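# Secondary and tertiary structure notes
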Amino acid sequence: MFGAGGGTSSYREAEDADLLVLWGSNAREAHPIFFHHVLKGLRNGARMYAVDPRRTSSAQWADAWLGIHVGSDISLANAVGNEIIRAGLVNEAFIQRSTTGFDAYAQAVAPYTLERAERDCGVPAALIRQLAHDYARADRAQICWTLGITEHHNATDNVLALINLSLLTGHVGRYGSGLVPLRGQNNVQGGGDMGAIPNKLTGFQDVETDASARARFEKAYGVALPPRKGMHLSQMFEAMEEGGLTACYIIGENPVRSEADTGRTRKLLEGLQHLVVQDMFLTDTAAVADVVLPATATWCESDGTVTSSERRVQRVRKALEPPPGARDDIEIICEIARRLGADWGSPAAEDLWNELRALSPMHAGMSYRRLEELGGIQWPCYGEDHPGELFLHSRLWEEDEGKRGNPAPFTAVRQEGPVDELSEEFPIRLTTGRRLDSFNTGVQSGQYATPIRRPESINLSPEDAARLGCAEGEVVTVSSRRGSLAAPVHVDTQLRAGLAFMTLHFPEQVETNVLTLDAWDPKSGTAEFKATAIRVDKLPAGSRQQESKVGA
């Protein structure tokens, strides 16, 4: 964000904010640790808006719920921005001093009136106006989002639309005001920080444009680095399809279950000349691999670090010995390197961390000793005497132009609907998400029982269930343009007519991603999991399966 891929604010700032906007985030179930901070903020008097197609368990805590149509986020954000401008509520001093591109942005959002947004989004114009005024007038305000914003074909533009609102009002670079992207899994932030992004070296240094950074890595590694970005995941699958990628090494991922369009994904992985999977479970992806490398549970059987959504790097300490046959990821990778002719020795986790600190300026001051003493440190941390940054971009408020650095840009974006259009044949919009009791494809969370878990289902609104004549627990056929599956019905009062919901936690029961679309955002590479067009059909009389025990 403004050059660094991390949220601007710390979790605890939610406790002191005046206004919180959860936009496409069911944080109570998907990010419960962060939601504890949200609850403290609400107890301290903060108001909260929830922007979400479903009236989720998070939205039930909000002062107002904006029940948006799936995929209409940009229209809503642009209308909020337009109303802030029209009402004279912009932070003019901040805009003039610390931003660029305001005039082009203002011109771009002018057509997005409250009335247009009501038509596009299904949210009453008065409620949109209320959000705009409350956000602009608040002393401290945060916008928090997660996969509800980013799992779309125009994910990056969705995020840019929200960033624009923070720039309009000056709600960034100050304590309690900021932009809070909540990561989808533990250490997703850390993966990006370490360079697991196609165009970035460790510490978000650009492999194509930052020649000095590239030179430092080349000196440390003793090899030349190609000055070009690699492929993101969606491009890798396209390359498999075209025959340009014939071998794949997958570490700790289960794409057979987690990627959109399961049929295509499985076919492409099974068609590779060589597939290696390194994991602590024999996942469905591992089951189709040529070689499986059993790894350890990194949260308890290895040493290292993880980085949370608030940019906090924390130590992980080995507590248990792994079972026979399982080996630490570092040991496995170094052994592969040795067999390929590069002897990296037997480095400990701390050795590798110190190498990283020497190459990534934003991690330079994070020694293991300091991480232990301080209970974690938030990047950037440039030296041993640097405390880390509680929040980012305070520079934007500096009066001295030399200290402000590069201004933050407004980016004009326009509304585009979902790729998978609704039609007479596929009239229901399916969106996907998570439940509190489970995680991703269920490989980890499915290993334990919980009284709040129920089997997978197709969640339908009471109106749609009544229109289709479907009873609770009745098994129906759910079809998209890519495939069909059978699933029991759960009548869900969180949903409005025309909207359905499923998770991918239980693929052994219902393969949700058979239905989803692999259209992806050209800027981020993220597939559009949140906006599938489906049809629900009752099974013919005489062939109906036994009713499931959903809800029992």
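Residues numbered from 1 in each chain as written. Predicted model: local features only at pLDDT ≥ 70, side-chain atom pairs only at ≥ 80, totals over all residues. Heavy atoms only, no water.

### Thoughts on the overall build of the protein chain
Put simply, the rule reads: Strands here mean DSSP runs of E at least two residues long; helices mean DSSP runs of H or I at least four residues long; both are numbered from the N terminus. Computation of the radius of gyration draws on C-alpha atoms alone. For the globule rule, the value is 2.2 Å times the number of residues to the power 0.38. Any pair of residues with heavy atoms lying within 4.5 Å of one another is described as a contacting pair.
When its secondary structure is counted, the protein chain shows 20 helices and 21 strands. In terms of overall size, the protein chain behaves like a compact globule, its C-alpha atoms giving a radius of gyration of 24 Å where 552 residues would be expected to give roughly 24 Å. Here the C-alpha coordinates of the protein chain stretch approximately 65 × 60 × 45 Å along the principal axes. Counting only contacts in the protein chain whose residues sit at least 6 apart along the sequence, the fraction spanning at least 24 positions is 70%.

### As for the sheet that holds strand β19 (residues 484–491)
Spelled out, the test is: Strands pair, by our definition, only if DSSP identifies at least two bridges between them. Lines fitted to C-alpha atoms define the axes, with helix axes restricted to the stretch in contact, and inter-axis angles between N-to-C directions lie between 0 and 180 degrees.
The strand order around the closed barrel built from six strands is β16-β20-β17-β19-β18-β21, with neighbouring strands paired in mixed fashion. Each strand of the sheet is rotated relative to its neighbour by a mean of 45 degrees, with strand direction disregarded. By the bridge criterion, four bridges tie strand β18 (residues 475–479) to strand β21 (residues 532–538) in an arrangement that is antiparallel. Within the sheet, the bridge partner assigned to Ser 479 lies in β21 and is Arg 535.

### Considering the environment of His 171
Just so we agree on the cut-off: Counting of polar contacts relies on pairs of N or O atoms within 3.5 Å, with two restrictions inside protein: one atom must be capable of donating a hydrogen and the other of accepting it, and residues adjacent in sequence are counted only when both atoms are side-chain atoms.
Note that His 171 resides in the loop between α9 (155–169) and β6 (178–181). When the C-alpha atoms of His 171 and Gln 142 are compared, they prove to be 7.1 Å apart, with 29 residues separating the residues in sequence. Apart from the residues lying within four places of it in its own chain, the contact partners of His 171 are Tyr 135, Ala 136, Ala 138, Asp 139, Arg 140, Ala 141, Ser 166, Ser 177 and Gly 178. Engagement of the side chain of His 171 in a polar contact is seen with the side chain of Arg 174, the distance being 3.5 Å.

### Focus on the pattern of salt bridges
Cut-off, in case you're wondering: Only one rule defines a salt bridge in this text: a Lys or Arg side-chain nitrogen within 4 Å of an Asp or Glu carboxyl oxygen. To sort residues, take the accessible area from a 1.4 Å probe on protein chains only and compare it with the maximum for the residue type: under 20% means buried, over 50% means exposed, and anything in between is partly exposed.
In the structure shown here, the tally under the stated rule is 33 salt bridges. A salt bridge links Glu 83 to Arg 86, with the nearest nitrogen and oxygen atoms 2.7 Å apart. You can see Glu 83 and its partner Arg 86 sitting in helix α3 (residues 73–86), three residues apart, about one turn around the helix. A relative accessible area of 3% places Glu 83 in the buried class. Take Arg 86: its relative accessible area is 57%, and that puts it in the exposed class. Note that Asp 437 and Arg 453 form a salt bridge whose closest N and O atoms lie 3.2 Å from each other.

### Notes on the sheet that holds strand β14 (residues 377–378)
Strand order in this open sheet of three strands is β12-β13-β14, and the pairing throughout is antiparallel. Since the sheet does not close on itself, it has two edges, and those belong to β12 (304–307) and β14, each with one partner.

### Here we look at a nonpolar patch on the surface
This is how the line gets drawn: Like charges are joined within 9 Å and nonpolar side chains (Val, Leu, Ile, Met, Phe, Trp, Tyr) within 5 Å, but only among residues with over 30% relative accessible area and no salt bridge; these make up the patches. A 1.4 Å probe and the Shrake-Rupley method give the accessible areas. Residues count as covered only by the protein chains that appear here.
Residues Tyr 249, Ile 251, Ile 333 and Trp 344 make up a contiguous nonpolar surface patch of roughly 390 Å² in combined accessible area. Assignment of secondary structure puts Trp 344 in the loop between α16 (329–339) and α17 (349–359).

### Let's talk about the packing of aromatic side chains
Two descriptors summarise a pair of aromatic rings, namely the distance from one centre to the other and the angle between the planes of the rings. Here is the rule: Stacked, tilted and edge-to-face pairs are distinguished by plane angle, under 30 degrees for stacked and over 60 for edge-to-face with tilted covering the rest, among Phe, Tyr and Trp rings (Trp via its six-membered ring) whose centres lie within 6.5 Å. Remark: a charge is flagged as sitting over a ring if the NZ atom of Lys or the CZ atom of Arg is within 6 Å of the ring centre and within 35 degrees of the ring normal.
Summed over the entire model, instances satisfying the criterion amount to six aromatic pairs. Ring geometry for Phe 102 and Phe 410: centres 5.7 Å apart, planes at 65 degrees, overall edge-to-face. On the criterion of sequence distance, the pair formed by Phe 102 in helix α5 (residues 102–109) and Phe 410 in the loop between β15 (408–409) and β16 (428–433) is long-range, its members being 308 residues apart. Put simply, the rings of Phe 102, Tyr 105 and Phe 410 pair up and form one aromatic cluster. Above the face of the Phe 501 ring, Arg 54 is positioned so that its terminal group lies 3.7 Å from the ring centre. When the ring centre of Tyr 112 is taken as reference, the NZ or CZ atom of Arg 116 above it lies at 3.9 Å.

Geometric values such as these leave the question of function open.
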